[in-house]
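Structural features, examined
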Amino acid sequence: MKYIDEGKINGLLEKTKNVDEKEVDEVLAKSLLLQRLSLEDTAKLLSVTDGHLLEKIFKTAKEVKQRIYGNRVVLFAPLYISNYCANNCLYCAFRADNRKIKRSHLTADEVRGQTEILLKKGHKRILVVAGEAPPPSKTNVDYYVEAINAVYAARVGENKIKRVNINCAPLNIGELKKLKDAGIGTLQIFQETYHGDTYKKMHPRGPKSDPDNRIDGIDRAFSAGIDDVGIGVLYGLYDHKFETLAMLSHVEHLEKAHNVGPHTISVPRIEPAEGVDFNAPYEISDGEFKKVIAILRLSVPYTGLILSTRENPRFRDELFDLGISQISAASKTSPGGYNESEETSGAQFVLGDNRSLDEVMGTLIEKGFIPSFCAACYRSSRTGEAFMNLAKPGTIKGKCTMNALITLKEYLDDFASEDVKRKGYIMIKKEEEKLSPEEKQSLRRFYEDIDKGLRDEYV
Ligand code: SAM
Ligand code: SF4
């Protein structure tokens, strides 16, 4: 596979097999200076199995996340627009050979309807997700653009979606420019596995069977002017240590080629899927998964880490502490899934966390995390390199906290249950105390605007 030197990665994993405490401490000291780690440093951390050293890694990850992003966690909802697919990925319910699921393409009106349901719950950020087969007489990209326009057009009172991201098939540069013109935020393409033979086995037919076209899809996004990109591994397909190092060598390639790495990294784990008889060949345990998340936080401190509702609530709550900075909440993975009456067939995989958005908000607040619906960076052109230049010296943290507090008050005033309102207003008071006098004054002005009915302001 392009950009991935399997021999080098295996060599590093072999070389760092017997790492001692001193070496781990040296790497962690580097992390505390908020420096990017080398592949070798990362391999050293991946080899740790000792409980005491693992605790040190977890503690450092929490500290680094706190220093760069503060204690905010950004929330979004996926919106599945289609489950038709020309590919045959062995693990996915949408695979072409699966006759057991009900298939559908949402129309633009249906996309707007689904978005309105999400807006009524309080969501402000949407990830559009699609299989790789457009409705008859449309191309993939025209269908995606139609859906993005429909999401941005939806309104519930003063509320609208502020940022649409997309997880879709790799496109060519001309097509990607159409997505850019439609106002796309982050473009996500998960490589699934960076191991060449495993990639071939898992993706036997269809356009996705070419790994180089997929990995180059991210470079083409940069060429088309989309500089917020998201990458990911589907953990469970191959050895998690190899996959993590390989994904980080993909990051190194992007940094070299485009001066900036990915905006986000996603860490899906294989879940059971309807009509699919597939067992993860390299199942990753909860303990190993926790370790991978903490190590990613240390290795690429400025990159957002996304966790989906594939994980169960108890475990998700534990992972927030380790550096996760964005989560989905109250998700459905079938097209039309947000309708109350929708049957359950047609979903991509079985969800681990079925809590409502309000319940997730309540838990985050109880645990001391400020839930955020902010999309300010994207709307102020703080993307790609410009974002990283703010994130690196820690400047972004102040903005993140202010915007999180603004969007939290909007949520509490407009959508929250009585219980979450009570907890949320207490959190706002406590967080206000931590602000500088100027920030306090500025936040008060925003809050007066919100009380007057204004929405959607940001710094
Ligand atoms: N079809 C496009 C593609 O494959 O890139 C985009 C949408 S696909 C539905 C989004 C992601 O879902 C895939 O990249 C894969 O990582 C993930 N996925 C597929 N099957 C899964 C499963 N059984 N459990 C967890 N995640 C899964
Ligand atoms: Fe299609 Fe994507 Fe599922 Fe593969 S992972 S079958 S490409 S929807």
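Counting of residues starts from 1 at the beginning of each chain's written sequence and follows it residue by residue. To read the labels, note that chains go from A and ligands from 1, taken in the order they are written. Selection of residues for local features in this predicted model requires a pLDDT of at least 70, selection of side-chain atom pairs for listing and counting requires 80 or more, and totals for whole chains, interfaces and linings are taken over all residues. To get the side-chain values, all heavy atoms of the structure are used, and hydrogens and water are removed first.

Some thoughts on the site of ligand 2
In the vicinity of ligand 2, the contacting residues are Cys-85, Asn-87, Cys-89, Cys-92, Phe-94, Arg-95, Gly-131 and Lys-208. For this classification, Asp, Glu, Lys and Arg are treated as charged, while Ala, Val, Leu, Ile, Met, Phe, Trp, Tyr, Cys and Pro are nonpolar and the rest, including Gly, are polar. Considering only residue class, the shell around ligand 2 consists of 4 nonpolar, 2 polar and 2 charged. When at least one non-hydrogen atom of a residue lies within 4 Å of a molecule or strand, that residue is treated as near it.

Digging into the packing of aromatic side chains
Between the rings of Phe, Tyr and Trp (Trp by its six-membered ring), a pair exists once the centres lie within 6.5 Å; its type follows the angle of the planes, with under 30 degrees stacked, over 60 edge-to-face, and the other angles tilted. Under the criterion given, the structure shown has 9 aromatic pairs. Judged by centre distance (5.3 Å) and plane angle (85 degrees), the ring pair of Tyr-238 and Phe-242 falls under edge-to-face. Taking 6.2 Å as the distance between ring centres and 35 degrees as the angle between the ring planes, the aromatic pair formed by Phe-289 and Phe-315 counts as tilted. Linking Phe-289 in helix H11 (residues 286–299) with Phe-315 in helix H12 (residues 313–320), this pair joins segments that are 26 residues apart in sequence. By the burial criterion, Phe-289 is buried, and Phe-315 matches it. Taken together, the ring pairs in this structure connect Tyr-235, Phe-289 and Phe-315 into an aromatic cluster. Positioned over the ring face of Tyr-447 is Lys-409, at 5.5 Å from the centre of the ring. A run of H or I in DSSP counts as a helix once it spans at least four residues, and a run of E counts as a strand once it spans at least two, with each numbered from the N terminus. When a residue's accessible area, from a 1.4 Å probe over protein chains only, is under 20% of the maximum for its type it is buried; when over 50% it is exposed; and in between it is partly exposed. Charge over a ring is defined by NZ of Lys or CZ of Arg lying within 6 Å of the ring centre and within 35 degrees of the ring normal.

A few points about the packing of helix H2 (residues 21–32) against helix H4 (residues 51–69)
Interaxial angle, 0 to 180 degrees, is taken between N-to-C directions of lines fitted to C-alpha atoms, where a helix line uses only the stretch in contact. It is at 10 Å that the axes of H2 and H4 come closest, and there the two elements cross at 5 degrees. With respect to each other, H2 and H4 are oriented roughly parallel. For the pair formed by H2 and H4, the contact residues are Glu-21, Val-24, Asp-25, Leu-28, Ser-31 and Leu-32 on the first element and His-52, Leu-53, Lys-56, Ile-57, Thr-60, Glu-63, Val-64 and Arg-67 on the second. Looking at the contact of H2 with H4 residue by residue, the classes come out as 6 nonpolar, 3 polar and 5 charged. The cut-offs work like this: below 35 degrees is roughly parallel, past 145 is roughly antiparallel, 65 to 115 is roughly perpendicular, and the gaps in between are oblique. We call two residues in contact when some of their heavy atoms are within 4.5 Å.

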